[in-house]
Amino acid sequence: QVQLVESGGGLVQAGGSLRVSCATSGSIFQFVRMSWYRQVPGSQREFVASITRGDSVDYADSVKGRFTISKDNAKNTMFLQMNSLKPEDTGAYYCNAEVILPRVEQYWGQGTQVTVSS
């Protein structure tokens, strides 16, 4: 059973930085893509950033130039470095991982809260 465990959330002032992590059970190479999503109460979960097995990355327009997604294959961990944080970046940040074999499945972590104060 795949498990994803996020950590690193917290409270930070606007303009500050924070790094959140997603530790995976088993090898990170089993996932074709890993992503970060965020959600605020009353709103849908929204895409933030993704990284493929081959290290291709993609970002939501709202975070381009401020956030950096990466992974450490040796530690089976994905990261999201968040700089120049804004109050609108506040939310619960969720780790997502996709596998395609033996069938397409997606897995989610439990989330870590990021709060940016103005």
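Residues numbered from 1 in each chain as written. Predicted model: local features only at pLDDT ≥ 70, side-chain atom pairs only at ≥ 80, totals over all residues. Heavy atoms only, no water.

## Focus: empty space enclosed by the protein
Empty space among the atoms can be located by rolling a probe the size of a water molecule over them.
And step 1. Scanning all chains against the criterion turns up one cavity of 30 Å³ or more.
And step 2. By volume, the largest cavity amounts to about 40 Å³.
And step 3. What lines the largest cavity is simply Ile28, Phe29, Phe31, Met34, Ile51, Thr52, Arg53, Lys71 and Asn73.
And step 4. When the residues that make up the lining of the largest cavity are grouped by side-chain class, the tally is five nonpolar, two polar and two charged. (1 Å grid on protein atoms, 1.4 Å probe; cavity = no way out; pocket = protein on both sides within 12 Å on 5 of 7 lines; lining within 4 Å. Points joined across faces, edges and corners; volume = space filled by probe spheres on them. Nonpolar A, V, L, I, M, F, W, Y, C, P; charged D, E, K, R; others polar.)

## Section: the side chain of aspartate 89
And step 1. You can see aspartate 89 is positioned in the loop between strand E8 (77-82) and strand E9 (91-99).
And step 2. Of the polar contacts made by the side chain of aspartate 89, one reaches the side chain of arginine 38; its length is 2.9 Å.
And step 3. Every residue in contact with aspartate 89, bar those within four places of it in the chain, is listed here: Arg38, Arg66, Phe67, Ser84, Val114 and Val116. (Helix = DSSP H or I, 4+ residues; strand = E, 2+ residues; numbered from the N terminus. Polar contact = N/O pair within 3.5 Å; in protein donor to acceptor, adjacent residues only side chain to side chain. Contact = heavy atoms within 4.5 Å.)

## Things to note about the state of the cysteines
And step 1. In this structure the tally under the stated criterion is one disulfide.
And step 2. With its sulfur 2.0 Å from that of its partner, cysteine 22 forms a disulfide with cysteine 95. Sign of the S-S torsion, about -70° for the bond between cysteine 22 and cysteine 95, identifies this disulfide as left-handed. In this pair, cysteine 22 sits in strand E3 (residues 18-24) while cysteine 95 sits in strand E9, placing the two residues 73 residues apart along the sequence. (Disulfide = S-S within 2.5 Å.)

## What to know about the packing of aromatic side chains
And step 1. Per the counting criterion, the structure on display carries two aromatic pairs.
And step 2. Plain terms: the ring middles of tyrosine 37 and phenylalanine 47 are 5.8 Å apart, the flat faces sit at 75° to each other, and that makes the pair edge-to-face. You can see tyrosine 37 sitting in strand E4 (residues 33-39) and its partner phenylalanine 47 sitting in strand E5 (residues 46-52), a full ten residues away along the chain.
And step 3. Overall, phenylalanine 47 belongs to the partly exposed group, its relative accessible area being 26%.
And step 4. Of note, arginine 45 hangs over the ring of tyrosine 94, and the distance from its end group to the ring centre comes to 3.7 Å.
And step 5. Positioned above the aromatic ring of tryptophan 108 is the side chain of arginine 45, whose terminal nitrogen or guanidinium carbon lies 4.6 Å from the ring centre. (Phe/Tyr/Trp six-rings, centres within 6.5 Å; stacked < 30°, edge-to-face > 60°. Buried < 20%, exposed > 50% of the residue type's maximum accessible area, 1.4 Å probe, protein only. Lys NZ or Arg CZ within 6 Å of the ring centre and 35° of its normal.)

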